[in-house]
Amino acid sequence: MHFHAMEKGKSKLVMSENGGEAIKSSQDRRKVRILLCDTDVESCQEVFALLRKCSYQGTVTCFRPVTPVFSATEVVGVLNSEGPHTDIILAEAALLMTSGAKILKYIMQDEYLQHVPVIMMLTQDEVSLIFKGLGLGAADYLMKPIGANELLNLWTHIQKRRGIV
């Protein structure tokens, strides 16, 4: 696994145009842009379908509102290309913690990405990662299997991270 794109000073990111916007209603969920990171393709497809069911599906900018990725290398690539347009990172905890939590640390240290809430997804046998992830800056966690009710209020993390609420 290579993390060349994550070296300090080589970030290609710029501030999101809607950085200060508040999401005022559930109808605005369709405007939320989510980076979905899961190494399990089936799990990723299930969460993707639930996100669409919860109305996280608008047509915003030039990429899909929910962008699924399946490996640490893909996460780095998407963060460098779409990071400025990402509102929430919903990621498998084990993927965030790969190689000494390099991905999570990178997100939290990057001046543009640190404002994007990171929500960890984990299974019962990964509970030990909760405190480590939260200690490194993750905003919250969801236990798998994830239900629609847990996803309905993801947008509130955007407002909390940006200091709107």
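Residues numbered from 1 in each chain as written. Predicted model: local features only at pLDDT ≥ 70, side-chain atom pairs only at ≥ 80, totals over all residues. Heavy atoms only, no water.

The protein carries the name Response regulatory domain-containing protein in an unreviewed UniProt entry, which gives Escallonia herrerae as its organism.

Novice: Residue-level account of the sheet that holds strand S5 (residues 140–143), with values.
Specialist: Read from one edge to the other, the open sheet built from five strands follows the order S2-S1-S3-S4-S5, with strand pairing classed as parallel. Two strands bound the open sheet, and with one partner strand each, they are strand S2 (66–69) and S5. Pairwise comparison of adjacent strand axes, ignoring direction, gives a mean angle of 20° for this sheet. Summarising the sheet, strand S4 (residues 118–122) and S5 pair through four bridges and their orientation is parallel. In the sheet register, Met 120 faces S5, and the bridge partner there is Tyr 141. Sheet strands in contact with helix H1 (residues 41–53) are strand S1 (34–37), S2, strand S3 (88–92) and S4, and its direction is about 155° off that of S1. (Pairing = 2+ DSSP bridges. Helix = DSSP H or I, 4+ residues; strand = E, 2+ residues; numbered from the N terminus. Axes fitted to C-alpha atoms, helices over the stretch in contact; angles between N-to-C directions. Contact = heavy atoms within 4.5 Å.)

Novice: Explain H1 residue by residue, including any values.
Specialist: Residues spaced three or four apart along an α-helix point in a common direction, a consequence of the helix completing one turn every 3.6 residues. If you check H1, its first and last C-alpha atoms are 18 Å apart, about what 13 residues at 1.5 Å a residue would give, namely 18 Å. Where H1 is buried, its residues meet S1, S2, S3, S4 and helix H6 (148–152). Capping the start of H1, Asp 40 holds a side-chain oxygen 3.0 Å from the backbone nitrogen of Glu 42, two or three residues further along. Directly after H1, the chain includes Ser 55, whose backbone phi takes a positive value near 75°. (Expected span 1.5 Å × (residues − 1). Polar contact = N/O pair within 3.5 Å; in protein donor to acceptor, adjacent residues only side chain to side chain.)

Novice: Explain the pairing of S4 to me, using residue names and the numbers behind them.
Specialist: For a regular strand, side chains alternate in direction, first toward one face of the sheet and then toward the other. Taken across its five residues, S4 has five buried, putting it largely inside the fold. Burial along S4 is two-sided: the face carrying Val 118, Met 120 and Leu 122 and the face carrying Ile 119 and Met 121 are both buried. Looking at chain direction, S3 and S4 are connected through four bridges and run parallel. If you follow Glu 92 over to S4, its bridge partner there is Met 121. (Buried < 20%, exposed > 50% of the residue type's maximum accessible area, 1.4 Å probe, protein only.)

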